[in-house]
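Single-letter residue listing:
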Amino acid sequence: MKRNVWVAATLVAVLGLVGCEKSRLTLDNYEQLQAGMTRAQVEAILGEPSECSGAVMIDNCLWGDEVRFIQAQFVGGKAMAYQYQGLK
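Residues numbered from 1 in each chain as written. Predicted model: local features only at pLDDT ≥ 70, side-chain atom pairs only at ≥ 80, totals over all residues. Heavy atoms only, no water.

In the predicted model, the protein carries a mean pLDDT of 84, and 76% of its residues have values of at least 70. Every residue in residues 5-20 is under pLDDT 50, and counting partners more than four places away or in other chains gives zero contacts. (pLDDT = per-residue confidence, 0-100. Contact = heavy atoms within 4.5 Å.)

This is how it looks when you write it as structure tokens:
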């Protein structure tokens, strides 16, 4: 019984810490993005993307989900276009 209480308390603490992480999906961060940035420079602002897909020399990366996101298109390793939805 004591073990179950300890496991539950640990789980609540971990989930609380995850919930405290400040989202990088903000209009302020979007406005820092510029054409010509490398993916590493964009990730320094937004963090790791949720997903990326692409073909030869072209990558499309998404931060967030289908409701609230920032999307970037990279050509030859450099950002060419950005778009967003649902940011405040």
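So, next bit.
A word on the UniProt feature "domain: Outer membrane protein assembly factor BamE" (unreviewed entry) in the protein. In the UniProt entry, the feature "domain: Outer membrane protein assembly factor BamE" (unreviewed entry) is given for residues 26-50. From the first C-alpha to the last, residues 26-50 spans 15 Å; its make-up is 56% helix and 0% strand. (UniProt positions renumbered as here; feature names shortened; annotations may be inferred. Helix = DSSP H or I, 4+ residues; strand = E, 2+ residues; numbered from the N terminus.)

The next subject is the state of the cysteines. Scanning all chains against the criterion turns up one disulfide. The partner cysteine of Cys-52 in its disulfide is Cys-61, sulfur to sulfur 2.1 Å. Of note, the bridge from Cys-52 to Cys-61 carries an S-S torsion of about 115° and is right-handed in sense. Judged by relative accessible area, Cys-52 falls into the partly exposed class, the value being 34%. (Disulfide = S-S within 2.5 Å. Buried < 20%, exposed > 50% of the residue type's maximum accessible area, 1.4 Å probe, protein only.)

Quick look at the pairing of strand E1 (residues 51-55) now. The two faces of a sheet get side chains in turn, since along a regular strand they alternate between them. E1 sits mainly on the outside: zero of its five residues count as buried. Here E1 hands over to strand E2 (residues 58-64) after two residues, with Met-57 in that stretch at a positive phi of 70°. (Pairing = 2+ DSSP bridges.)

Residues Leu-33, Val-42, Leu-46, Trp-63, Ile-70, Phe-74 and Tyr-82 are the most contacted members of the largest nonpolar core, which totals 15 residues. Taken together, the elements giving at least two residues each to this core come down to helix H3 (39-46), E2, strand E3 (69-75) and strand E4 (78-85). (Core = buried A, V, L, I, M, F, W, Y, C linked by side-chain atoms within 4.5 Å.)

Take the pattern of salt bridges next. Tallying each qualifying case throughout the model produces one salt bridge. The residue Glu-43 makes a salt bridge to Arg-39 at a minimum N-O spacing of 2.9 Å. Remark: Arg-39 and Glu-43 occur in helix H3; sequence separation between them is four residues, near one turn of the helix. (Salt bridge = Lys/Arg side-chain N within 4 Å of Asp/Glu carboxyl O.)

Side chains of Val-56, Met-57, Ile-58, Val-75 and Met-80 sit close together on the surface and give an oily, nonpolar patch of about 500 Å² of accessible area. Positionally, Met-57 belongs in the loop between E1 and E2. Take Met-57: its relative accessible area is 56%, and that puts it in the exposed class. (Patch = residues over 30% accessible without salt bridge, like charges linked within 9 Å, V, L, I, M, F, W, Y side chains within 5 Å. Areas by Shrake-Rupley, 256 points an atom, 1.4 Å probe, with all protein chains shown as cover.)

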